[in-house]
Amino acid sequence: MSQELIDLTKLRSHITELKAQWDDPKKPFRYLIYDDFFHPEAAEMILAAYPDVTTGNWDGTTYINQKNKFALTKFGESYPLLQQAFNEFNGNSFLQIVENITGISQLLGDDELFGGGLHQSVTFLNSLYK
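Thresholds, definitions, all that
- Residues numbered from 1 in each chain as written.
- Predicted model: local features only at pLDDT ≥ 70, side-chain atom pairs only at ≥ 80, totals over all residues.
- Heavy atoms only, no water.
- Helix = DSSP H or I, 4+ residues; strand = E, 2+ residues; numbered from the N terminus.
- Areas by Shrake-Rupley, 256 points an atom, 1.4 Å probe, with all protein chains shown as cover.
- 1 Å grid on protein atoms, 1.4 Å probe; cavity = no way out; pocket = protein on both sides within 12 Å on 5 of 7 lines; lining within 4 Å.
- Points joined across faces, edges and corners; volume = space filled by probe spheres on them.
- Nonpolar A, V, L, I, M, F, W, Y, C, P; charged D, E, K, R; others polar.
- Phe/Tyr/Trp six-rings, centres within 6.5 Å; stacked < 30°, edge-to-face > 60°.
- Buried < 20%, exposed > 50% of the residue type's maximum accessible area, 1.4 Å probe, protein only.
- Core = buried A, V, L, I, M, F, W, Y, C linked by side-chain atoms within 4.5 Å.
- Contact = heavy atoms within 4.5 Å.
- Lys, Arg positive; Asp, Glu negative; His and termini not counted.
- Salt bridge = Lys/Arg side-chain N within 4 Å of Asp/Glu carboxyl O.
- Arc of directions from axis to C-beta.

Student: Please explain the overall build of the protein as it appears in this structure.
Tutor: Along its length, the protein carries 6 helices and 2 strands. When the elements of the protein are put in sequence order from the N terminus, they spell out α-α-α-β-α-α-β-α. On the protein, roughly 9,100 Å² of surface is accessible, and the fraction owed to carbon and sulfur atoms is 55%.

So this is what it looks like as structure tokens:
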């Protein structure tokens, strides 16, 4: 897909309300809820491209309190659409919007996706299909 996946124009138009939501003192911690983050057709394409845990190069390395969790951080040529999505998350345009909403300056993208990327919990997924 040659066009952007994240609807940056729409996101920019909601910065003021998202900043107010972020700064809401009534919430126990800061978080945002924002619908239609991706262009609708892009969201459907990303969902279709999301590989199941038996496909691809999933990493099963877990930490002390994790069980049956898998992560995928290297997309290469196998998943160009997913790579594009993470490139947009790490891009200056998106990071500047996040800076404007949160007030956190000089945010940096993480091209290595340390602790990020795609994640799946096999135990949870198995419970859905029983």
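Next, the rest of the story.
Student: Is there a simple way to think about the layout of surface pockets in this case?
Tutor: Unfilled space is identified by rolling a water-sized probe across the atoms. The calculated volume of the second largest pocket comes to roughly 160 Å³. Around the second largest pocket, the lining residues are Leu11, Leu18, Leu32, Tyr34, Phe37, Phe94, Ile97, Val98, Ile101 and Thr102. Partitioned by chemical class, the residues of the lining of the second largest pocket number 9 nonpolar, 1 polar and no charged.

Student: I tried to follow the packing of aromatic side chains on my own but got confused; where do I start?
Tutor: Geometry of an aromatic ring pair is reported as the spacing of the ring centres plus the angle between the planes. One pass over the structure, following the stated rule, counts 8 aromatic pairs. Pairing Phe37 with Phe38 gives two aromatic rings, centres 5.1 Å apart and planes at 85°, and the pair type is edge-to-face. With centroids separated by 5.7 Å and ring planes inclined at 90°, the aromatic side chains of Phe37 and Phe94 adopt a geometry described as edge-to-face. A residue pair is termed long-range when its members are at least 10 positions apart, and Phe37 in the loop between α2 (15–22) and α3 (40–49) and Phe94 in helix α5 (residues 92–102) qualify at 57 residues. On the accessibility criterion, Phe94 (13% relative accessible area) is buried.

Student: Before we go on, may I ask you to explain the nonpolar core in this structure?
Tutor: Soluble globular proteins: nonpolar side chains tend toward being buried together. The biggest cluster of nonpolar side chains holds 24 residues, and the ones touching the most others in it are Leu5, Leu11, Ile46, Phe75 and Leu118. When contributions to this core are tallied by element, the ones reaching two or more residues are α1 (8–13), α2, α3, α4 (80–89) and α5. Here Ile46 is in contact with Leu5, Phe38, Leu81, Leu82 and Ala85, once residues within four sequence places are set aside.

Student: Just checking my understanding: could you explain the side chain of Glu88 for this structure?
Tutor: As for its placement among the helices and strands, Glu88 is situated in helix α4. Summary of buried charges: Glu88 has no salt-bridge partner, and the nearest side chain of opposite charge, Arg12, is 9.9 Å away. Apart from residues lying up to four places away in sequence, Glu88 is in contact with Gln3, Glu4, Leu5, Ile6 and Phe94.

Student: Got a minute to help me understand α5 in this structure?
Tutor: Turn by turn, an α-helix covers 3.6 residues, leaving residues three or four places apart pointing in a common direction. Among all positions in α5, only Phe94, Leu95, Ile97, Ile101 and Thr102 are buried. For α5, the buried positions fall inside an angular range of 155° around the axis, keeping them on one side. On its buried side, α5 packs onto α1, α2 and α4. The positive-phi residue at the C-terminal boundary of α5 is Gly103, with phi of around 80°.

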